[in-house]
Amino acid sequence: MKILSFAATSSKQSINKQLVAYASEQLIGTAGPDAEVEFIDLNDYEMPIYSIDRERESGVPPEAQTFFSKVREADAVLISFAEHNGTYTVAFKNVFDWASRIEMRLFEGKPMALFSTSLGPGGGKNVLRTATEALPFFGADVRGSFSLPDFFVNFDSEANRPIQPEHQNKLSQVLDNLLTDISATA
C-alpha cells in the first residue's frame, strides 16, 4: 500500500507538516510493513500561477505533471491543510489548479484523510470544511478528517505527538477508518 502525504502549504516550518508527519507515522505503525508513505513538499512543485492563457501558450508545467503522477501512483492520500484567510494556501491552490487541468477528477477515487491545525482555537476548520466539501468533485473519496486547535497548546513538537489523549484518539480513528476502508476495497 502506497500512501502519498503532504501539507498543503509552502511554509518550511509548517505546523501542518508536523501534523501530517505524525499522522503518517501513525499510519505506518498501524498499517504494517507493506505500507509505504511518500512525503512530498509543495515547494518542489512551484510553478507560474495558473491561467488559461499560460496553459494555451506553454501547456501544463512538468511540476504539475509530476504531482499528478504522485497522486495517480498512490493508493491513498493524507493532506494537512494550512489555512490562509479561511481557505487554501496559494501553494496548494496553484498545484491543484494546474494538476486538475491534466484530469479534472485528479484524485481518481483515492481514499483520503484530511487534517488541519492552526495557532488558534479554530484549528483550520474553515479550510478543512472547504476541502472536505470540494475535493470530492475532483475525485477525492474523503474517508475522514481531523482538526487540531491551538497547535502549540495541543501538540508536543519534541515528542512529535498530540498532548491530549482525546486528540490522539480522534486522529487514530480517522486513520483506522481509512485503513479499514482501503482493506475493504483492495
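To keep things clear, this report deals only with the structure shown in the data block. (Residues numbered from 1 in each chain as written. Predicted model: local features only at pLDDT ≥ 70, side-chain atom pairs only at ≥ 80, totals over all residues. Heavy atoms only, no water.)

Take helix α3 (residues 62-73) next. In an α-helix, one turn spans 3.6 residues, which is why side chains three or four residues apart end up on the same side. Between its first and last C-alpha, α3 extends 16 Å over 12 residues, near the 16 Å set by a 1.5 Å rise per residue. When we look at burial in α3, the residues that qualify are Ala64, Phe67, Phe68 and Val71. Along the long axis of α3, the arc covered by the buried residues comes to 100°, so they all point the same way. The inward-facing, buried residues of α3 contact β1 (2-8), β2 (36-40) and α4 (90-102). (Helix = DSSP H or I, 4+ residues; strand = E, 2+ residues; numbered from the N terminus. Expected span 1.5 Å × (residues − 1). Buried < 20%, exposed > 50% of the residue type's maximum accessible area, 1.4 Å probe, protein only. Arc of directions from axis to C-beta. Contact = heavy atoms within 4.5 Å.)

The subject of this paragraph is helix α5 (residues 125-134). Of the positions making up α5, those classed as buried are Val127, Leu128 and Ala131. Each buried residue of α5 lies within a common arc of 100° when the element is viewed along its axis, so the set occupies one face. Contacts made by the buried residues of α5 are with β3 (76-81), β4 (111-117) and β5 (141-148).

Another point: unusual backbone geometry. Positive phi outside glycine occurs at Asn85, with the angle close to 50°. Take Asn85: it is sitting in the loop between β3 and α4. Phi is positive for Asn160, close to 55°, though the residue is something other than glycine. Position of Asn160 relative to the elements: it lies in the loop between β6 (155-156) and β7 (161-162).

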